[in-house]
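Tertiary structure, described
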Amino acid sequence: MHKIPVTVITGFLGAGKTTLLRNLLQNNQGRKIAVIVNEFGEIGIDGELLRSCQVCDDDGEINSNIIELTNGCLCCTVQEEFYPTMQKLLTRKDQIDAIVIETSGLALPKPLIQAFKWQEIRNHATVDGVITVVDAYGLAKGNLVGDLEAINQQRLNDSSLDHETPIEELFEDQLACADLVLLTKTDLLKDDELTQVKNWLEKELPTGIKVIPCHQGEINSEILLGFNAAVEDHIINRPSHHDTEEEHDHDDDINCLELSMEETINPQVLISRLENLVKNLEIYRIKGFVNVTNKPMRMVLQGVGDRFETFYDRLWQPEEKRATKLVIIGRNLKPSDLIIT
């Protein structure tokens with residue numbers, strides 16, 4: 001029986017998962033790819049970025065192949081959200097060549113993969129491979145993600161979350177599940193620094209798992225798809241720190257706030273103000289869209305630690321309301337903290 005191959009993309013916040021996925025969709029070699037995005041925050045930033053790739057299904061209706069899960073970390077909402085979503089996708093099995101799942105930056109990969117052992121799913125879909133995306137620049141500087149001191153305190157925050165995982169353990173779990181590791185932000189490193197990062201990672205990975213540098217998510221789709229690993233059938237060989245735990249604790253300190261402004265703004269002024277916020281608050285991740293003064297195009301802004309990057313993704317549509325909308329993830333954030341005007 002033909003099974004739909006499913007690729008799981010995991011990695012920390014800001015490592016470059018969405019950029020990788022965007023490039024995969026734009027260079028899909030004719031494949032019909034359905035996407036599940038596990039968003040953190042009610043503004044569908046990642047989903048919006050992917051929709052701009054103009055993925056259409058057979059009836060010409062744009063974006064119906066992209067599904068956002070916004071109710072929390074995918075590893076903790078498998079039954080509540082993932083299972084019914086997969087059931088819905090599988091009713092369109094004949095229209096889909098592959099499924100790609102982008103997990104949230106703090107999701108444990110193994111519980112998601114184990115869901116593919118459920119009979120209703122395993123009869124129709126299989127985990128083709130797991131791609132782990134790693135921020136090479138952060139790793140070279142001794143940080144697993146952005147500001148390690150802040151990230152070490154980071155815990156999952158959502159009413160659906162059931163676990164509290166030290167960042168080092170989560171990183172090890174993401175590596176242990178990988179069929180391939182992609183290194184991003186390599187252009188920020190010298191050759192010897194990149195070599196050191198690769199050598200260290202290869203010692204941490206199971207034998208035979210390759211580490212490949214990847215600039216701006218640009219990599220041949222033939223490398224990402226077609227592992228034929230049937231990961232769910234061999235998950236016992238991918239150890240996790242949580243294999244013997246039934247439940248995990250939950251820390252409510254991490255929260256996600258949304259910042260919206262209708263007026264236009266100079267992006268350099270905005271970034272300067274955001275940099276001040278990052279200095280004074282425990283902010284782990286910023287992402288969203290910016291309404292730039294005198295520009296007809298929408299700017300995408302993404303920040304990890306004190307690093308910010310921007311690019312223009314598309315024209316503002318005549319029917320949409322122009323506004324700056326950012327999702328800010330951090331610890332004990334209050335709306336009054338985010339007054340930046």
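None of the values given here were measured: they were computed from a predicted structure. Each chain carries its own residue numbering, running from 1 in the direction its sequence is written. In keeping with the predicted nature of the model, local features appear solely for residues at pLDDT of at least 70, side-chain atom pairs appear and are counted solely at 80 or more, and the whole-chain, interface and lining totals rest on all residues. Calculated side-chain values reflect all of the structure's heavy atoms, with hydrogen atoms and water omitted.

1. Regarding the overall build of the protein
Comment: elements are numbered from the N terminus, with helices defined as DSSP H or I runs of at least four residues and strands as E runs of at least two. On a plain count of helices and strands, the protein comes out with eleven helices and twelve strands. Of all 341 residues assigned to the protein, the portion counted as buried reaches 58%. Roughly 15300 Å² of accessible area belongs to the protein as shown, and the carbon and sulfur atoms make up 44% of that amount. When accessible area is computed with a 1.4 Å probe and restricted to protein chains, residues below 20% of their type maximum are described as buried, those above 50% as exposed, and intermediate ones as partly exposed. Note that accessible areas follow from Shrake-Rupley with a 1.4 Å probe, and for residues the cover is restricted to the protein chains shown.

2. Considering the sheet that holds strand S1 (residues 4-11)
Only when DSSP finds a minimum of two bridges between them are two strands counted as paired. The sheet built from seven strands is open, its strands ordered S3-S2-S4-S1-S5-S6-S7 with parallel pairing. The open sheet has two free edges, formed respectively by strand S3 (66-69) and strand S7 (210-213), since each of these has just one partner strand. For this sheet, the mean angle separating the axes of adjacent strands, direction not counted, is 20°. Relative to S7, strand S6 (residues 180-184) is paired through four bridges, and the arrangement is parallel. Residue leucine 183 lies in a different strand from S7, and its bridge partner there is proline 213. Orientation is described by lines fitted to C-alpha atoms, with helices fitted over the stretch in contact, and by angles between N-to-C directions that extend from 0 to 180 degrees.

3. Some details on unusual backbone geometry
A positive phi angle, near 55°, is found at glutamine 29, a position not held by glycine. Checked against the element boundaries, glutamine 29 lands in the loop between helix H1 (17-26) and strand S2 (33-38). With a relative accessible area of 56%, glutamine 29 lands in the exposed category. Although it is not a glycine, asparagine 294 sits at a positive phi angle of roughly 60°. What makes asparagine 294 exposed here is its relative accessible area of 75%.

4. Considerations on helix H11 (residues 267-280)
Multiplying 1.5 Å by the residue count of a helix minus one yields the expected span of that helix. With 14 residues, H11 should reach 20 Å at 1.5 Å per residue; the first-to-last C-alpha distance of 20 Å fits that figure. Where H11 is concerned, the buried positions are Pro267, Leu270, Ile271, Leu274, Leu277 and Val278. The buried side chains of H11 occupy one side of the element, clustering within an arc of 115° when seen end-on. For H11, exposure combined with an orientation more than 90 degrees from the buried face picks out Gln268, Lys279 and Asn280. Its side-chain oxygen placed 2.8 Å from the backbone nitrogen of glutamine 268, asparagine 266 serves as the N-cap of H11. To obtain the arc, one takes the directions from the helix axis to the C-beta atoms. Pairs of N or O atoms within 3.5 Å make up the polar contacts considered here, provided that, within protein, one atom can donate a hydrogen while the other can accept it, and that residues adjacent in sequence are counted only when both atoms are side-chain atoms.

5. Focus: the side chain of lysine 17
With respect to the helices and strands, lysine 17 occurs in helix H1. The charge count treats Lys and Arg as positive and Asp and Glu as negative. His and the chain ends do not count. The term salt bridge refers to a pairing of a side-chain nitrogen on Lys or Arg with a carboxyl oxygen on Asp or Glu at a separation within 4 Å. No salt bridge is formed by the buried lysine 17; its nearest oppositely charged neighbour, glutamate 102, is found at 4.5 Å. Of note is the side chain of lysine 17, whose polar atom sits 3.3 Å from the backbone oxygen of phenylalanine 12. Any two residues whose heavy atoms approach within 4.5 Å are treated as being in contact. If we skip the residues at most four places from it in the chain, lysine 17 touches Ile9, Thr10, Gly11, Phe12, Glu102, Thr103, Gly105 and Val133.

6. Thoughts on the nonpolar core
One finds Ile36, Phe82, Met86, Ile99, Ile101 and Phe116 to be the most contacted residues of the largest nonpolar core, which totals 27 residues. At the level of secondary structure, the elements contributing two or more residues to this core comprise S1, S2, S3, helix H3 (78-90), strand S4 (98-102), helix H4 (109-114) and strand S5 (125-135). The element that contributes the greatest number of residues to this core is H3, accounting for five residues. Not counting residues up to four positions away in its chain, the partners in contact with methionine 86 are Ile36, Ile99, Phe116, Ile121 and Ala125. Only buried residues count toward a nonpolar core, which is a set of Ala, Val, Leu, Ile, Met, Phe, Trp, Tyr and Cys residues joined through side-chain atoms within 4.5 Å.

7. Here we look at the pattern of salt bridges
One pass over the structure, following the stated rule, counts nine salt bridges. Notably, a salt bridge pairs glutamate 193 with lysine 141, separated by 3.4 Å at the nearest N-O pair. Linking glutamate 193 in helix H9 (residues 191-204) with lysine 141 in the loop between helix H6 (136-140) and helix H7 (148-151), this pair joins segments that are 52 residues apart in sequence. Between glutamate 320 and arginine 314 there is a salt bridge, and its shortest N-O distance comes to 2.6 Å.

8. Brief notes about the confidence of the model for the protein
Of all residues in the protein, 79% attain a pLDDT of 70 or more, and the chain-wide mean is 81. Confidence of the predictor at the level of single residues is given by pLDDT, which spans 0 to 100. Below a pLDDT of 50 lies the segment residues 247-251, which in the model reaches 19 contacts outside its immediate sequence neighbourhood of four places, other chains included.

9. Re the side chain of threonine 85
Relative to the assigned elements, threonine 85 resides in helix H3. Residue threonine 85 is classed as buried on the basis of its relative accessible area of 10%.

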